[in-house]
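Chain by chain, the residues:
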Amino acid sequence: MSTVESRPLVGAGVSRVDGPRKVTGAAPYPMDFSVPGQAYGALVQSTVAAGRIVRMDTEEAERSPGVISVLTHQNAPQVGTGPTTILGEAPPAPLRNDRIMHHGQHIAFVVAETPEQAAAAARLVHAEYEAAEPLLDLRDPRAQHLADPWKMDHSRGDVSAALEAADVIVRGTYVTADNTNNPLGLFATLAAWEEDTLTVHDTSQWPSMVRTTLAMVFGIPESAVRVLVPYVGGGFGAGLRAWPHVILTAMAARTTKRPVKLVLTRPQMFTSVGHRPSGVQWLSVGATREGELVALDHRSLSSLSMEDNDFEPFSHGTSFAYRCPNVITRDEQAKLNIAVPTSMRAPAEAQGSFALESALDELAYTLRMDPLELRIRNHTEVDPRNGLPWSGKAILECYEAGARRFGWADRDPEPRSMRDGNWLVGYGMASAMFPYFATPCMAEATVNRDGSAFVRSAATDIGTGTYTVMAQLSAEELGLPLDKVRFDLGDSDMPDSMMAGGSGLTGALGNAVHDACRKLVGLFADLARGDADSPLLGAAPEDVEVSGGRVHLVGRPDRGESYADILGRHGLPQLTATGSSTPPNPADIGMSLAGAYGAKFVEVRVDADLGLVRVARVVSAIDGGRILNEKTARSQIIGGTVGGIGMALFEDTVTDPRTGRIANGTFADYLVAVNADIPELDVIFVGEPDRGTPTGTKGVGEVGLVGIAPAIANAVHHATGKRFRELPITLDALL
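These notes cover the structure that comes with them. These numbers were taken from a predicted model, which means no experiment stands behind them.

**Describing the sheet that holds strand S21 (residues 485-488)**
Part 1 of the argument: What the 4 strands build is an open sheet, ordered S21-S20-S19-S25; its pairing is mixed. The sheet is open, and its two borders are formed by S21 and strand S25 (574-581), each paired with just one other strand. Taking each pair of neighbouring strands and ignoring which way they run, the sheet shows an average axis angle of 15 degrees.
Part 2 of the argument: Pairing of strand S19 (residues 441-448) with strand S20 (residues 453-456) involves 4 bridges; the strand directions are antiparallel. Bridge pairing in S20 places Val447 opposite Ala453.

**Focus on the packing of aromatic side chains**
Part 1 of the argument: One pass over the structure, following the stated rule, counts 13 aromatic pairs.
Part 2 of the argument: Taken together, a centroid distance of 4.9 Å and an interplanar angle of 70 degrees make the contact between Phe406 and Tyr427 edge-to-face. With Phe406 in helix H10 (residues 395-406) and Tyr427 in strand S18 (residues 423-434), this residue pair connects regions lying 21 residues apart in the sequence.
Part 3 of the argument: By way of ring pairs, the aromatic residues Phe406, Trp408, Tyr427 and Phe601 are connected into one cluster.
Part 4 of the argument: When the ring centre of Trp193 is taken as origin, the NZ or CZ atom of Arg254, which lies over that ring, is 4.3 Å away.
Part 5 of the argument: Stacked on the ring of Phe406, the Lys or Arg Arg617 has its end atom at 4.0 Å from the ring centre.

**Quick notes on the layout of surface pockets**
Part 1 of the argument: If you add up the space inside the second largest pocket, you get close to 780 Å³.
Part 2 of the argument: Along the wall of the second largest pocket there are 36 residues; nearest its centre are Asp178, Ser278, Asp652, Thr653 and Thr655.
Part 3 of the argument: For the lining of the second largest pocket, the secondary-structure elements that each account for two or more residues are strand S9 (168-176), helix H7 (266-272) and strand S14 (279-287).
Part 4 of the argument: Of the residues assigned to the lining of the second largest pocket, the class counts are 17 nonpolar, 13 polar and 6 charged.

**With respect to the pairing of strand S26 (residues 596-607)**
The two faces of the sheet receive side chains in turn, since in a regular strand these alternate between them.
Part 1 of the argument: With 11 of 12 residues buried, S26 is to be regarded as a mostly interior element.
Part 2 of the argument: Pairing geometry for S18 and S26, over 12 bridges, is antiparallel. Residue pairing for S26: Ser431 is matched across the bridge by Ala599.
Part 3 of the argument: From the end of S26 to the start of strand S27 (residues 613-623), which pair antiparallel, there are 5 residues, and Gly611 there has a positive phi angle of about 75 degrees.

Quick notes on the rules
- Along each chain, numbering runs from 1 in the same order as the chain's sequence is written.
- Predicted model: local features are reported for residues with pLDDT of at least 70 only, side-chain atom pairs are reported and counted for 80 or more only, and whole-chain, interface and lining totals are derived from all residues.
- As a rule here, side-chain values cover all heavy atoms of the structure and leave hydrogens and water aside.
- The criterion for strand pairing is that DSSP finds at least two bridges linking the strands in question.
- Only DSSP runs of H or I with at least four residues qualify as helices, and only runs of E with at least two residues qualify as strands; both kinds are numbered from the N terminus onward.
- Fitting a line to C-alpha atoms yields each axis, with helices limited to the stretch in contact; the angle taken between N-to-C directions then spans 0 to 180 degrees.
- Aromatic pairs are defined between Phe, Tyr and Trp rings, using the six-membered ring for Trp, whenever the two ring centres lie within 6.5 Å; interplanar angles under 30 degrees are classed as stacked, those over 60 as edge-to-face, and all others as tilted.
- Here, a charge over a ring means that NZ of Lys or CZ of Arg falls within 6 Å of the ring centre while also lying within 35 degrees of the ring normal.
- Think of a 1 Å grid over just the protein atoms. A cavity is a set of points where a 1.4 Å probe fits yet cannot get out, a pocket is an open set with protein on both sides within 12 Å along at least five of seven lines, and lining residues have an atom within 4 Å of a point.
- Grid points are joined across faces, edges and corners, and a volume is the space filled by probe spheres set on the points.
- Charged residues are taken to be Asp, Glu, Lys and Arg, nonpolar residues to be Ala, Val, Leu, Ile, Met, Phe, Trp, Tyr, Cys and Pro, and polar residues to be all remaining types, Gly included.
- Note on exposure labels: buried denotes an accessible area under 20% of the residue type's maximum, exposed denotes more than 50%, and partly exposed covers the range between, all computed with a 1.4 Å probe on protein chains only.

Below is the structure:
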């Protein structure tokens, strides 16, 4: 059968198979679902950030028209705790006690006949507090610190001695803001019980995890829980947890014996489904006069809620980004009275690369060296942590292709030297990388008697194109036209899948689909091999391949028969096979598993009088391994680039330093990049299929954002001569 070596690097730019349903409004998102007899929920949230509730008055709310129930910590049933996953512990269960950990914490849940009645009654619930002074400042010395919380700190060589002996040293402190994921679709949950069986429609990037969580919380078997997520409506990481409002909705449905539906409001999205943690990073870089790195000391402090362990190792990428003999990375978290942080597109690397790539730009200017040349000079073909070669790393090709397309050679290296009328023109660049990530995954493939195929897995498609690329891959593996293949997902009753996150789903699920389809072809080959009426009599599975809906001898499409013929002769309606994938061990394959790489080149214009920043051009050269679908992959890089522009210039979740209230928790106040802020975005794919997995893919969902913020900051420095070490870069800082 065909191998990854014979496949093209970039697959056809097929339009999304789910596109027609989305553009006609037929795609059902979680908030679109309804069931007969459902009631509606509304949240009541804390108005203080720390302390305890001393009194809850729910009488007026309970008398309000249409109200069925009001749950508080005083009458809510006690439930269990969700599982610890690869992303950390489950968020705290809701309504456990009278303690307040952050402003906006859920303190009551109102159920009524209509959403309007529920919302009106929620405003009638009154709480009295014994308030405490909240810890809100990341650098507050009273905050509890967790050192090396994920046991990922790294050290090699003697960094102190190397810095002391270095010809040139650059030191800087870099600050990144709290950003909020803010998908356009509001998160929603619909929960319905039948006896001890629970069905939930939820906005989730990980249905299998939500199923496990709800089973543990309510003490029922996983087989009694079904989670449905055919369409998500965006997530950017916010859907990677089973949040307290999901448990509350299921709890309310169980206590009222009615299906209950909850749709969060936009302000509630800011406090209920996570956010990118704020952080401070300290970086020291030592180098020779020729630009060879001799020491990297990267330390970070990021924000954490009082009862959580969000996974954000800011400095981790520095341990293997460049060739450097002396490296130390250290990450700490500070516990604050804030809502629970969570993954947001390109978690940890978005923040960590801003510090590292900004510091390298400073080093290049100190050495009077081209920032691109500095990076090329410190390129490493092996993983510095273990000496193993990378399974695929084409960043040198990214540098070359990106610089050529951008016109980097036309840059005048002197800051503030390029001008177009009153606009100061700046060129900046940065490397980009997002580490390999995958967890075990399963898929099931079926070929029916009519020659069609049905492939499925309990994954989700958060807009990345999973429906489409998995249908393409399945069609390729089964030798069928795309219109004969249906790929389905978003149902926890399907084979377990990893989350749609960490740029890991395409690789893990793709390898599981590859395995399922190969096994299925093998089943057909086994049937034909022992069939005296088959032209494939005696042919071993390795002797056959598939194309045009037929199983035939390798290189002999005339010597074979169709799936339908094989099934028909054996009286079978269909054949099914289950496949799986598990991340390989680097020691077993002799390679370190590489994530995606890229080089980002940015041109900015800065108004010399007003300090306005406009991004004029962005070129992203990406090594994403084998690209299954150029159209959807390009879309991912473009979307990530837009997010990076937002991170660099606009996005900042502002918390009132006295009360802990989020002060800009609406789309009117929280700034995101809009169409007028975005120029033409150019994307180039380079490299080869990754050698570490059967399908040769890498994830590209995160790497589109990584490197954009430092490239913009570096371009602003080139334009103005001012160095910016804090995001977002705002007009007042430029004036």
